[in-house]
Amino acid sequence: MAVSSMAETPDFQNLKLDSIIGFGGTVPGGLIKHPNGIHTIYSLGSTVVINDSKKKNSQEFLHGHTNVISCIAISKDGKRIASGQVTHMGFQADIIIWDFEQRKLLRRLTLHKVKVQALAFSPSGTYLASLGGEDDNCVIVWDLQKFAAICGSPASTDSSGVTLALSYLNNNDNMFATGGFATLRVWELNVAQRKIRATDCQTGQIKRIVKCIAIDAEDELMYCGTTTGDLLQVNLRTKLFKLSGPPKDKDLFSKGILSVALMPTNDAVIVGCGDGTIATLKLPKLTIAKSTKVSGSVTSITFNGAHTFFAGTAYSNIYTVNTEEFVPVLRSTCHYSQINDICFPMESSDVFATASDTDIRIWNAHTSSELLRISVPNLECKCITFKKDGTSLISGWNDGKIRAFGPQSGRLQYVINDAHKRGVTALAVTEPYNSRGDFRIVSGGEDGQVRVWKITKHVQHLEDAMKEHKGTVTCIKIRQNSLECVSSSSDGSCIIWDLTRYVRNQVLFAPSFFKAVCYFPDESQLLTSGTDRKVAYWEAFDGSLIRELEASQSDAINGLDITGDGKYFVIGGSDKLVKVYRYEEGDVAFVGIGHSTDITKVKISPNGSHIVSVSTEGAVFSWALPRV
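Every value quoted in this text rests on a predicted model; they were computed, and no experiment measured them. (Residues numbered from 1 in each chain as written. Predicted model: local features only at pLDDT ≥ 70, side-chain atom pairs only at ≥ 80, totals over all residues. Heavy atoms only, no water.)

**Student:** Would you mind showing me how to read the pairing of strand E23 (residues 257-262) here?
**Tutor:** On a regular strand, each side chain points to the face opposite its neighbour's, so the side chains alternate between the two faces of the sheet. Burial runs high along E23: 6 of the 6 residues are buried. Remark: 5 residues form the turn of the hairpin made by E23 and strand E24 (residues 268-273), two consecutive strands paired antiparallel; asparagine 266 in that turn has positive phi of roughly 65°. (Buried < 20%, exposed > 50% of the residue type's maximum accessible area, 1.4 Å probe, protein only. Helix = DSSP H or I, 4+ residues; strand = E, 2+ residues; numbered from the N terminus. Pairing = 2+ DSSP bridges.)

Here it is, written out as structure tokens:
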């Protein structure tokens with residue numbers, strides 16, 4: 001709703017999205033190679049991404065969904081893309097038909113409730129079959145000439161469970177198959193009578209939950225991957241179960257088969273499994289011919305030519321596998337869980353670091369490629385910052401420790417144990433204060449304490465602890481002269497501390513969980529943001545409120561940063577928008593639409609050319625900040 005009303009107000013320009021680091025790996029069959037052999041199509045949150053494999057880092061984005069995309073399909077001729085989404089309980093979920101050539105939205109089809117589970121184009125592209133989620137449980141066939149529903153039917157009988165998978169036959173516009181909890185059906189479409197009729201496939205004693213379906217080129221056999229870890233072969237003419245493989249029970253795939261694809265040569269089936277196994281099952285007996293393992297459950301397999309295929313996993317990794325050698329090569333990777341923090345090294349816009357619930361990664365800002373990954377098993381990194389000279393990446397963790405790593409090697413340099421009770425949530429570093437390069441770290445934790453650590457080459461020790469905050473410290477910023485710092489907290493206060501006497505200089509109060517604070521470049525004023533949806537300007541000298549901007553209509557503002565010249569500041573929050581404001585006028589100059597979940601942090605690159613925003617889905621968006 002917010003998006004359509006915003007489009008009508010022409011007071012601001014849209015930010016140009018330069019690149020996305022992200023891949024929605026949890027969408028079943030969500031990675032698709034376009035029939036033209038050049039483009040790869042996948043979803044990320046509420047955006048459909050079209051990636052050109054010939055050109056490095058050339059992505060195009062289709063915006064139109066209001067919530068997370070749950071399924072995606074492409075027509076056989078490659079001219080149209082269909083994508084379905086999830087929505088809130090009681091509302092209807094959209095299917096969007098896109099024109100691939102013109103990269104534009106053709107039509108929204110709205111009938112399913114809550115979620116669109118799966119989509120499939122008919123071989124000629126005349127019809128589209130869609131399957132609703134468990135709250136809807138309907139199959140609908142759409143006429144894509146008139147963009148209207150022809151007919152619909154409940155997807156499964158009351159005695160069987162939810163339907164999960166849908167696949168069209170390869171040569172017949174009037175037949176498709178569905179599968180799910182103890183249900184496997186072949187449907188026939190009668191366009192003249194506007195009816196679809198289902199025939200249940202007889203599987204005898206075998207009861208399975210079907211997760212994915214592939215149909216051979218002649219439309220004779222159908223292959224169904226199940227949660228039990230076996231592959232069922234069903235005859236489509238007689239609708240009878242023929243055989244299941246692998247033949248031996250001990251070879252069944254762990255955590256089930258989630259994706260299945262037939263080799264272009266039609267002599268084997270490739271399956272992707274929940275435990276990360278990718279295997280080739282040789283026909284006709286479905287024996288395991290080759291097998292390999294990747295990181296994350298394999299949710300999509302798509303062929304790129306006759307001898308290679310791409311595999312997408314739930315850990316947001318994309319692998320290239322050659323069918324002969326069968327060795328997976330990591331093609332792209334990104335975060336798959338919430339990103340908690342992001343930082344640039346001082347004066348360098350070429351690289352940046354992100355910290356998520358699972359690991360820290362350092363990225364090349366120009367090519368969006370991962371340079372380094374640092375992970376500490378079973379721990380979450382809450383905050384990161386670079387040492388001023390860039391020789392150390394300092395991170396705060398939920399076990400209460402501060403760890404410093406080499407930013408090129410990823411080697412652990414030192415650990416400060418028990419820095420805070422219950423986790424370190426904010427970090428800032430000072431300039432070196434002597435010729436030996438000794439410096440201080442100011443850290444904040446969930447215990448509400450702000451602590452100052454003296455770091456020398458060989459030893460790290462506590463200088464002082466300042467305890468006035470009652471809630472989690474969310475952000476710390478230090479003045480350029482390293483004599484004062486400001487800390488924001490979820491108890492509704494920001495405190496300006498004296499870093500020589502270790503006492504409070506000023507305190508700012510607001511009825512808000514403060515999420516972020518930053519100094520104006522000349523350090524005469526402070527900016528704060530938080531859950532009261534306002535951005536407030538404060539006098540740094542005496543802590544008085546100058547003015548407040550109602551910056552978000554609906555949700556908390558989690559991220560805040562200001563340009564080096566102080567002309568603009570940028571905010572991002574739970575309303576999923578990146579907004580650039582003019583500092584003096586206090587009005588919106590640019591808005592970036594693209595995130596589909598809450599934005600956790602925004603940062604402007606040191607050279608002022610880009611804004612990088614990160615979100616709870618693990619996506620990293622890079623926006624071009626116009627020079628004005």
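**Student:** Could you clarify how one ought to interpret the pattern of salt bridges in this entry?
**Tutor:** Close approach of charged atoms allows side chains of opposite charge to pair. Summed over all chains, the structure comprises 25 salt bridges. When the shortest N-O distance is used, the salt bridge between glutamate 188 and arginine 197 registers 3.9 Å. Since its relative accessible area comes to 32%, glutamate 188 is described here as partly exposed. A relative accessible area of 54% places arginine 197 in the exposed class. (Salt bridge = Lys/Arg side-chain N within 4 Å of Asp/Glu carboxyl O.)

**Student:** Explain the environment of threonine 287 to me, please; I cannot follow it from the model alone.
**Tutor:** By the secondary structure assignment, threonine 287 is in strand E26 (residues 287-293). Classification of threonine 287 as partly exposed rests on a relative accessible area of 36%. Placed 61 residues apart in sequence, threonine 287 and threonine 226 show a C-alpha to C-alpha distance of 16 Å. In this structure, threonine 287 is in contact with Pro247, Thr280, Leu281 and Lys282, ignoring residues within four places of it in sequence. (Contact = heavy atoms within 4.5 Å.)

**Student:** For this particular structure, what's the right way to read empty space enclosed by the protein?
**Tutor:** Under the defined criterion, the tally for this structure stands at 2 cavities of 30 Å³ or more. Quantified by volume, the largest cavity comes out at close to 50 Å³. As for the largest cavity, its lining consists of Ala510, Phe514, Thr528, Ser529, Gly530, Asp532, Lys534, Ala536, Trp538 and Glu548. Elements supplying a minimum of two residues to the lining of the largest cavity: strand E48 (525-530) and strand E49 (534-539). Taken as a whole, the second largest cavity encloses approximately 40 Å³ of empty space. Around the second largest cavity, the lining residues are Ala551, Ser552, Ala556, Ile557, Ile571, Gly572, Gly573, Asp575, Leu577 and Lys579. Mapped onto the lining of the second largest cavity, the elements with two or more residues apiece are strand E52 (568-573) and strand E53 (577-582). With 3 residues, the top contributor of residues to the lining of the second largest cavity is E52. Residues of the lining of the second largest cavity, tallied by class, amount to 5 nonpolar, 3 polar and 2 charged. (1 Å grid on protein atoms, 1.4 Å probe; cavity = no way out; pocket = protein on both sides within 12 Å on 5 of 7 lines; lining within 4 Å. Points joined across faces, edges and corners; volume = space filled by probe spheres on them. Nonpolar A, V, L, I, M, F, W, Y, C, P; charged D, E, K, R; others polar.)

**Student:** Help me understand the packing of aromatic side chains, please; the structure alone is not making it clear to me.
**Tutor:** What characterises a pair of aromatic rings is the spacing of the ring centres plus the angle enclosed by the ring planes. Applying the stated rule across the entire model yields 15 aromatic pairs. Consider the rings of phenylalanine 569 and tyrosine 583, whose centres lie 6.2 Å apart with planes at 85°: the pair is edge-to-face. Taken as a pair, phenylalanine 569 in strand E52 and tyrosine 583 in the loop between E53 and strand E54 (588-593) lie far apart in primary sequence, 14 residues in all. Overall, the relative accessible area of 2% leaves tyrosine 583 in the buried class. On the basis of an interplanar angle of 20° and a centroid distance of 5.8 Å, the ring pair of phenylalanine 621 and tryptophan 623 is categorised as stacked. Each member of the pair phenylalanine 621 and tryptophan 623 is classed as buried. An aromatic cluster is built from Phe520, Tyr537, Phe569, Tyr581 and Tyr583, whose rings are joined through pairwise contacts. (Phe/Tyr/Trp six-rings, centres within 6.5 Å; stacked < 30°, edge-to-face > 60°.)

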